[in-house]
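One letter stands for each residue in the lines below.
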Amino acid sequence: MSIITLSSVSKIYSEKTARKTVALENINLEVNEGEFLAISGPSGSGKTTLLNMIGGLDSPSNGRIILNNKDITTLKENALSHIRLHQIGFIFQAYNLIPVLTALENMEYILMLQRIKKEERQARVKDVAFRLGIDDLLDKRPSEMSGGQQQRVAIARAIVSKPKLILADEPTANLDSKTGEILLDLMRELNEEHAMTFIFATHDSSVIKKAKRHVSLLDGMVKDDQAK
Amino acid sequence: MNSLMVILAFRNLARNRVRTTMVIAMIASSLTLLMYFQGFMDGIIEQMTKDTVRSETSDITIYGKKYRKEKDLNNRLTHKKYVLKKLSYLDSIEEHFERLEHDAMIASPYYSQGIKVIGLESEKEKDDFILSTRIKEGDYSFPNENAIWIGHALAEKLGTGIQRKLVLTVQDSKGEIIGEAFRVTAIIQTNNPKIDRASAFISLTKAQALFNVPDITQLSIKIHDQKRLREVRDTIQDEIGNHYEVFTWRQLFPSLQFMETATQSYIKISYVIMFIIMMIGFVGVIMMSIMERVREFGIMMAIGHKFKQVSLIVFWESLMMSFLGFLIGTTLGFGLLYIVNQTGVNLNIFGQGFEQFGIASIIYPPMKIAYCFTPLLAVIITSILSIIWPLRILYKLKPIQSIQFN
Ligand SMILES: Nc1ncnc2c1ncn2[C@@H]1O[C@H](COP(=O)(O)OP(=O)(O)OP(=O)(O)O)[C@@H](O)[C@H]1O
Ligand SMILES: [Mg+2]
């Protein structure tokens with residue numbers, strides 16, 4: 001079943017001074033539930049823009065985006081933040097976490113925003129922390145963790161609320177390749193165990209190798225789309 | 001949900017301790033200063049009011065009909081028994097005091113001057129008027145008929161002192177010129193220039209004998225409840241009819257009222273200016289702290305915060321800082337006022353001569369709970385107003401889109 005469908009999506013940035021930048025041009029893409037999809041492409045090819053469109057962080061200039069059978073292109077900011085909170089997990093390249101909260105609080109925070117009861121929150125956080133092997137980081141603040149540890153906590157935060165879709169923008173770009181691979185294996189396991197859909201942008205070939213499907217962008221257009 | 005925002009706000013403040021401390025210190029010190037200033041000004045007004053009013057009368061004063069226009073013995077207050085009887089029906093009245101005042105010439109071997117002679121009931125006035133507490137030399141008593149008290153400035157001019165003799169020359173109600181010798185038993189200093197420079201006090205009975213009248217010129221009334229001042233005055237006027245004129249102390253001393261109002265507006269203006277300055281600094285600080293965190297706010301919004309919730313965090317940060325500043329500032333302010341309320345503020349360090357204007361050289365600022373109401377209101381308003389502009393800017397920056405581009 002399709003979790004996300006993009007039809008003829010374009011994004012044009014027009015700044016006052018500069019000429020127009022076509023970041024995405026006529027993208028058609030359908031992603032099914034449970035996919036583990038890598039988006040690659042050279043810098044400036046539109047990977048981040050594409051993920052932002054899918055996650056409702058930005059709206060397209062043209063075209064439709066259907067998330068879980070709902071057209072999100074027409075939604076207002078408050079409705080979008082509701083969808084982001086309940087249906088999507090985000091992992092960014094770095095500095096994902098709220099610096100004044102500990103790892104545990106960063107995870108629990110999302111659940112508090114979702115108004116989930118305390119017992120359940122704690123059970124879920126513990127569960128995820130155990131699963132990702134970050135039990136011993138729970139009391140640490142982001143500034144006391146390494147980049148790899150922070151990304152692990154970021155993944156934990158993204159999955160703790162059990163979203164259907166997880167969007168990761170170059171999650172391993174700031175990590176050494178070994179840590180990156182471990183992290184990716186972890187994401188893949190989560191994908192298989194819980195049928196969580198992962199879409200991640202990367203230009204790391206070792207990451208692309210682990211994907212089940214690979215879409216490559218060039219100049220804002222889909223150059224290639226292949227299942228492995 | 002809100003408690004979450006509060007915790008976040010608190011930790012954010014703790015993150016930049018130096019800046020937070022500076023802001024709080026700025027608010028606190030401004031408030032302390034303003035409170036001190038307000039207490040000091042109130043102290044001056046209260047002292048002037050007390051010194052001026054309570055050396056001359058009590059809460060309400062009754063005169064004969066035209067006496068205020070022309071202070072002549074012919075316009076004195078007659079039928080005192082009738083008036084007192086009427087007053088005895090009113091339970092809002094606590095006490096009444098009689099005085100007889102008229103012009104006289106006072107003379108020492110070196111100097112003579114026209115003054116007011118005031119006959120008074122010294123025992124009765126003791127607690128309500130201030131003269132008993134303003135004896136510079138001698139005693140608050142008339143040990144015999146010819147005892148006289150005089151103001152300290154007058155004593156200086158006359159070159160006289162305790163136990164020395166003076167001569168009063170008066171014209172009595174029949175038009176006779178009479179001279180009589182008195183002995184100084186007290187020298188008085190009230191800060192009321194009228195009293196200190198041009199008044200002498202003798203006992204009421206002696207004054208009545210001297211001026212040859214059985215009556216008085218002024219009947220002062222002390223009432224139970226200051227809040228009903230106006231109302232009690234009206235009742236008295238109604239009771240005793242219009243052969244008499246009844247005044248509240250506020251009516252008798254309009255300049256004091258004016259000074260009080262003027263000072264209050266002055267204090268209000270100071271508050272407004274201070275808060276505008278504070279607000280400018282505050283806006284700057286909030287702006288800076290927001291700008292540093294645009295990406296952080298972006299992440300928060302990406303993971304599901306509404307902009308409203310982000311704003312709420314900023315609001316709590318601002319409110320906590322100003323409220324802490326308020327608590328510290330008012331505590332220090334009350335502490336300072338408590339101290340100077342005991343020790344007094346000595347104006348002599350600014351030079352001499354305040355007494356000419358009726359200002360005592362040592363001011364005792366009062367400590368009023370109300371002093372923290374304006375600051376409280378002000379900090380709440382400040383913390384709301386000063387986040388509006390920074391938040392607008394944050395909103396325009398679309399923090400959510402700044403996540404990917406550092
Ligand atoms: N907010 C923006 N305003 C103007 N132009 C933008 C904006 N965001 C992206 N662009 C432009 O859109 C194009 C696509 O950018 P995008 O960030 O999606 O590329 P990317 O594939 O993620 O690149 P990278 O690998 O460097 O992260 C670029 O030319 C970029 O300059
Ligand atoms: Mg990118």
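Look up: the structure comes first, before these words.
Computed from a prediction, not measured in an experiment: that's the story for all the values here.

Residue and element names in this part refer to chain B. Turning to its location among the elements, I362 is positioned in strand 12 (residues 362–363). Here I362 falls in the partly exposed class, since its relative accessible area comes to 31%. Considering only alpha carbons, one finds I362 and H152, 210 residues apart in sequence, at a separation of 17 Å. Sequence-distant contacts of I362, that is, excluding residues within four places in its chain, are made with T343, G344, V345 and N346.

For the rest of this paragraph, the subject is the interface of chain B and chain A. Taken residue by residue, the interface counts 23 residues in chain B and 27 residues in chain A. Around 2,400 Å² of area is buried between chain B and chain A when both sides are counted, 62% of it from carbon and sulfur atoms. Here chain B is connected to chain A by 1 salt bridge. Across the salt bridge formed by R11(B) and E105(A), the nearest N and O atoms sit 2.6 Å from each other. Linking chain B with chain A are 6 residue pairs in polar contact (both at pLDDT 80 or more), by the criterion used here. Broken down by secondary-structure element, the contributors of at least two residues to the side of chain B that touches chain A are helix 1 (2–15), helix 11 (294–302) and helix 12 (307–343) of chain B. Among the residues making up the side of chain B that touches chain A, the classes are represented as 12 nonpolar, 6 polar and 5 charged.

Residues and elements named next belong to chain A. Even without being glycine, N68 reaches a positive phi, approximately 50 degrees. With respect to the secondary-structure elements, N68 resides in the loop between strand 4 (62–67) and strand 5 (70–71). We note that R115 has phi near 60 degrees; this positive angle belongs to a residue other than glycine. Its place among the elements puts R115 in the loop between helix 3 (103–113) and helix 4 (118–132). Under the relative-accessibility criterion, R115 is labelled exposed at 63%.

Right, let's talk about the sheet that holds strand 2 (residues 21–32) of chain A for a bit. All names here are of chain A. Pairing within the open sheet is antiparallel, and its 4 strands lie in the order 2-1-4-5. Either end of the sheet is taken by a strand with one partner, and the two such strands are strand 2 and strand 5. As judged from the 2 bridges shared by strand 4 and strand 5, these two strands associate in the antiparallel manner. Residue I66 lies in a different strand from strand 5, and its bridge partner there is D71.

This next bit is on the sheet that holds strand 3 (residues 36–40) of chain A. Residues and elements named next belong to chain A. Spatially, 6-7-8-3-9-10 is the arrangement adopted by the 6 strands of the open sheet, whose pairing is mixed. Edge positions in the sheet fall to strand 6 (88–91) and strand 10 (221–227), since each of these pairs with one other strand and no more. Geometrically, the sheet is characterised by an average inter-axis angle of 15 degrees between neighbouring strands, direction not taken into account. Here 4 bridges tie strand 3 to strand 8 (residues 197–201), and the two strands are oriented parallel to one another. Paired with F36 across the two strands is F198, which belongs to strand 8.

With 40 residues, helix 2 (residues 17–56) of chain B should cover 58 Å at 1.5 Å per step; its first-to-last C-alpha distance of 57 Å lies within 8% of that length. Most of helix 2 of chain B is tucked away: 28 of the 40 residues are buried.

Let us now look at empty space enclosed by the protein. Tallied over the full model, the rule gives 3 cavities of 30 Å³ or more. In this structure, the largest cavity spans a volume of roughly 60 Å³. If you go around the largest cavity, the residues you meet are R84(A), L85(A), I88(A), G89(A), F90(A), I110(A), R157(A), A158(A), S161(A) and I303(B). Among the secondary structure elements, those contributing two or more residues to the lining of the largest cavity are helix 2 (77–87), strand 6 and helix 5 (147–160) of chain A. Looking at the lining of the largest cavity, the element that brings in the most residues is strand 6 of chain A, giving 3 residues. Of the residues belonging to the lining of the largest cavity, the class tally is 6 nonpolar, 2 polar and 2 charged.

Quick notes on the rules
- Residues numbered from 1 in each chain as written.
- Chains lettered and ligands numbered in written order.
- Predicted model: local features only at pLDDT ≥ 70, side-chain atom pairs only at ≥ 80, totals over all residues.
- Heavy atoms only, no water.
- Helix = DSSP H or I, 4+ residues; strand = E, 2+ residues; numbered from the N terminus.
- Buried < 20%, exposed > 50% of the residue type's maximum accessible area, 1.4 Å probe, protein only.
- Contact = heavy atoms within 4.5 Å.
- Buried area = accessible area lost by both parts, 1.4 Å probe.
- Salt bridge = Lys/Arg side-chain N within 4 Å of Asp/Glu carboxyl O.
- Polar contact = N/O pair within 3.5 Å; in protein donor to acceptor, adjacent residues only side chain to side chain.
- Nonpolar A, V, L, I, M, F, W, Y, C, P; charged D, E, K, R; others polar.
- Pairing = 2+ DSSP bridges.
- Axes fitted to C-alpha atoms, helices over the stretch in contact; angles between N-to-C directions.
- Expected span 1.5 Å × (residues − 1).
- 1 Å grid on protein atoms, 1.4 Å probe; cavity = no way out; pocket = protein on both sides within 12 Å on 5 of 7 lines; lining within 4 Å.
- Points joined across faces, edges and corners; volume = space filled by probe spheres on them.

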